[in-house]
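Chain and residue survey
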Amino acid sequence: MHFDFSDDELAFRKELKEFLDGELPVYFEFFDLPPEERAERSMAFVQLLSERGWLTPAWPVEYGGSAQAPWQQMILAEEMVAHGEPRTGQYMNVNWIGPAIILAGTPEQKAYHLTRISKGDVLWCQGFSEPDAGSDLAALRTTAVRDGDEYVINGEKIWTSNAGIAEFCFLLARTNAEGRKQDGISIFLVPVATPGIEVGDIESVLHPGAFHHVLFTDVRVPASCRLGPENEGFSIVRTLLANERTGVARYHRAAGYLDRIATWCAERDLLDDSAVIETLASARAACEAARLLVYQVYDEKTRGLDPDVSAWAYRTAAVRAERVVNEAAFTLMGAEGLARHSFADSQFEWAVTAGVAGGSYEMQLNSLARVLLGSKG
Amino acid sequence: MEMTLSPTQQAVLDACTTALGRAAGPARARELRSAGGADDRLLTLLGEAGYLDVALDEESGPLTAVLITELAARHLALAPVGARSLVAPAVIAAEQLPEFVTIMDLAFGGPVRYAAQSEALIVLDGHDARLFTAAEYTTTAVETLFGYPLARVELQGGGVDLGAGSGDVARRWWRVAIAAEIAGTARAALDLTIDHMQGRVQFGKPLSALQALQHRVIETHVLIEGAMWMAREAAYHGAPAESSSSAAVAAVEAAGRTLFEVHQLSGSIGFTDEYDLTLSSLRLQTLRTEAGGMAAHSRALVAGRWGA
């Protein structure tokens, strides 16, 4: 056991940070941009990352990566989110859609999709949640019925981020209504421009373009769009969701916000107030706890283990960190934090969605409980 | 970065676990609670086996010492393992290390853990520290519910100056030791609570199957895990001001949550002398207050992080 980064890892972080500091304004938030502008700027930026080998460093060389250790992926996640997450939705491509295709794709799917993802010239959305299938994802009802060399897809997805700007949808649909509900689900890699797909905005208090609903009406896709064996999509997704739970280094971003809150307090000579001190300290400690728990996830990945349990624990700690930093922001800044796009306001959006996006907080607790308490919960 | 134990660390901890399994544990803690005092027999055993000096060993270092401190707490050791294995070696020359040593800070009042049982006392006075032998201070025992022998201290002599800045150094390691002790003690309390929940059937199912209770256990578990890893990392890096105080803040928060959750989830049996829960749970209250508690750890963290 030791807690040192290697010289290569330290050099990677330094080089990456210098590049990002040079390319991006301080405190820039990509998610504050309107969707089209966000997509355009993000696409341009990730292509710069791709040219430097920093978009898919953990991928195998044959798929456009550089087979770097998981720790490089962690450093990338921390530095990206500290700079406003310029990859926007592309972190999803890199962290788990691409790896799903590496795991289960045909040679043709790999050649086409992995090349494009690793070059950073494509945006994806994730067609998981439905009106009646949220945390209980396996209850999804969207159907894909085989018809010769095609599937015909009908159904509705909801809360889909990036659907308005995505070129492809990583879609889960039911291909068998018999037996266990988890066993009848398949994955489809569907072009969003396919006839019969209708994308609508859902207005919300979150950043522009945060939510969409996506309707599928007699959408015909070739059978070659299916990823992996029919009816085995759920197990593929489960395998890769640990990547999604750790894909955004929320603790690192929240810690950066906390530094800004502390600076705000220092400028007003508040740092000798005991209430201010304890609020800041508690929030900082929460971010640090989450950081060390995600290190455990990356350590297990490095050793080739399945990091499910540690990823659930990390996610629990990360949600807490987001919320405690939000509490610090509004406790300490008071009404100043109410102004739109103030950093307290931005922190609120991250904090209030932390326990919902990427699978509900309670599902993480349930999953950990099954392991620690030995119950099905 | 490597979060698993090296073969050497694993071997040391396995052997230490065996020793603690024989010499510490609930029965011994119960015996000491009845008799009063601390477990000097255990401390001697650990000292003779070399476990208290691992921080000075180049290969093992303070990280192994913090693992042993955590392990001893988990086994309900009633001895100042953290003070002796982490704090004392940082400020006292190896050849002069007393076996039984504890710590107090003049900045804070209140009774001191193990003061009446120790052969020496590290006294923190601002940036500096002095070492007092037992002949140089008197103690008055304080009756307490909270799991450790406590006494008020009156210094008589002048002690030995431990050098400029030794108080700051000792204080940082003290925070690491407290965090490790809390992590081990809280883990013992939560493990016992989980055992109880798995066996206690209400409404036709074990408490451990009730989701509302499961969530509270898991949130507590994650707080303890976070504090545990923070203590380990802080020890590995030599107890920097920021990370040692950050570990202590996380640990004190975990201790507070654990103390009340384990008692709530254990019900009335948890308060009884016949049950083992209070052997660990009540100690958390003492550990939460040590070294100035949350207020002092928070000040140190804010100073270390933001220079206030």
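Scanning chain A from terminus to terminus reveals eleven helices and eight strands. Rg of the C-alpha trace for chain A: 21 Å, near the compact-globule value of 21 Å for 377 residues, within the 12% margin. Overall size of chain A, expressed as C-alpha extent along the three principal axes, is 75 × 45 × 40 Å. A total of 377 residues make up chain A; the buried ones form 59% of that total.

Residue and element names in this part refer to chain B. The four strands are arranged β1-β3-β4-β7 in an open sheet whose pairing can be described as mixed. On the outer flanks of this sheet lie β1 (101-105) and β7 (160-161), each paired with one strand and no other. Looking at chain direction, strand β3 (residues 120-125) and strand β4 (residues 128-133) are connected through six bridges and run antiparallel. For Val123, the partnering residue across the bridge sits in β4 and is Arg130. Here helix α5 (residues 81-91) sits on the sheet in contact with β1 and β3, set at roughly 70° to β1.

Contacts between the two partners involve 43 residues from chain B and, on the opposite side, 41 residues from chain A. Buried area between chain B and chain A, both sides added, is near 4,100 Å², and the carbon and sulfur share of it is 66%. Broken down residue by residue, the surface that chain B buries against chain A is led by Met1, Met3 and Trp306 of chain B, which jointly contribute 20%. Counting every contact that joins chain B to chain A gives four salt bridges. For the salt bridge of Glu253 of chain B with Arg320 of chain A, the shortest nitrogen-to-oxygen distance reads 3.3 Å. Taken together, chain B and chain A are joined by 17 residue pairs in polar contact (both at pLDDT 80 or more). The set of elements that each furnish at least two residues to the side of chain B that touches chain A consists of α6 (166-199), α7 (211-236), α8 (241-266) and α10 (293-306) of chain B.

Counting 204 residues, the largest nonpolar core has Trp124, Phe170, Ile261, Leu280 and Tyr295 of chain A together with Val66 and Ile122 of chain B as its most contacted members. In terms of nonpolar packing, the next biggest core, distinct from the first, is built from 19 residues, Tyr151, Cys169, Val221 and Cys225 of chain A among them.

Along the chain, Gln296 of chain A turns up in helix α8 (residues 274-302). Not counting chain neighbours up to four residues away, the residues in contact with Gln296 of chain A comprise Ser310 of chain A together with Met3, Glu225 and Trp229 of chain B.

All names here are of chain A. According to the domain assignment, chain A contains domain 1 (7-122), domain 2 (126-230) and domain 3 (249-372). Each of domain 2 and domain 3 has a C-alpha centre, and the two are 31 Å apart. With four residues of domain 2 in contact, the opposing surface of domain 3 contributes five residues. Both faces combined, the contact of domain 2 with domain 3 buries some 380 Å², and carbon together with sulfur accounts for 51% of it. Contact with domain 3 buries surface across domain 2, with Ser135, Leu206 and His207 losing the most and accounting together for 86% of the total. One can count zero salt bridges joining domain 2 with domain 3. One can count one residue pair in polar contact (both at pLDDT 80 or more) joining domain 2 with domain 3. Per-class residue counts for the side of domain 2 that touches domain 3 are two nonpolar, two polar and no charged.

Looking at chain A, pLDDT values average 90 and 98% of them are 70 or higher. Averaged pLDDT values over the elements of chain A bottom out at 77 in helix α6 (residues 233-247) of chain A and peak at 98 in strand β8 (residues 226-227) of chain A.

We now examine a negative patch on the surface. Residue and element names in this part refer to chain B. On the surface, a cluster of negative charge is made up of Asp40, Glu48, Glu99 and Glu119. As for its position among the elements, Glu99 is in the loop between α5 and β1. By relative accessible area, Glu99 is classed as partly exposed at 31%.

Two strands in a sheet stick together by hydrogen bonds in their backbones, pointing the same way (parallel) or opposite ways (antiparallel). All names here are of chain B. Strand order in this open sheet of three strands is β2-β6-β5, and the pairing throughout is antiparallel. With one partner strand each, in any of the chains shown, β2 (112-113) and β5 (137-142) form the two edges of the open sheet. Examined bridge by bridge, β2 and strand β6 (residues 150-155) share two bridges and lie antiparallel to one another. Paired with Val112 across the bridge in β6 is Ala151.

Before going further, it helps to examine the side chain of His263 of chain B. Residues and elements named next belong to chain B. Tracing the backbone through its elements, the reader meets His263 in helix α8. We classify His263 as buried; its relative accessible area is 10%. If we ignore the near neighbours within four places in the chain, the residues touching His263 are Gly270, Phe271, Leu277, Thr278 and Ser281.

Thresholds, definitions, all that
Residues numbered from 1 in each chain as written. Chains lettered and ligands numbered in written order. Predicted model: local features only at pLDDT ≥ 70, side-chain atom pairs only at ≥ 80, totals over all residues. Heavy atoms only, no water. Helix = DSSP H or I, 4+ residues; strand = E, 2+ residues; numbered from the N terminus. Rg over C-alpha atoms; globule rule 2.2 N^0.38 Å. Buried < 20%, exposed > 50% of the residue type's maximum accessible area, 1.4 Å probe, protein only. Pairing = 2+ DSSP bridges. Contact = heavy atoms within 4.5 Å. Axes fitted to C-alpha atoms, helices over the stretch in contact; angles between N-to-C directions. Buried area = accessible area lost by both parts, 1.4 Å probe. Salt bridge = Lys/Arg side-chain N within 4 Å of Asp/Glu carboxyl O. Polar contact = N/O pair within 3.5 Å; in protein donor to acceptor, adjacent residues only side chain to side chain. Core = buried A, V, L, I, M, F, W, Y, C linked by side-chain atoms within 4.5 Å. Domains from an automatic or database assignment. Nonpolar A, V, L, I, M, F, W, Y, C, P; charged D, E, K, R; others polar. pLDDT = per-residue confidence, 0-100. Patch = residues over 30% accessible without salt bridge, like charges linked within 9 Å, V, L, I, M, F, W, Y side chains within 5 Å. Areas by Shrake-Rupley, 256 points an atom, 1.4 Å probe, with all protein chains shown as cover. Lys, Arg positive; Asp, Glu negative; His and termini not counted. Charge placed at Lys NZ, Arg CZ, Asp CG, Glu CD.

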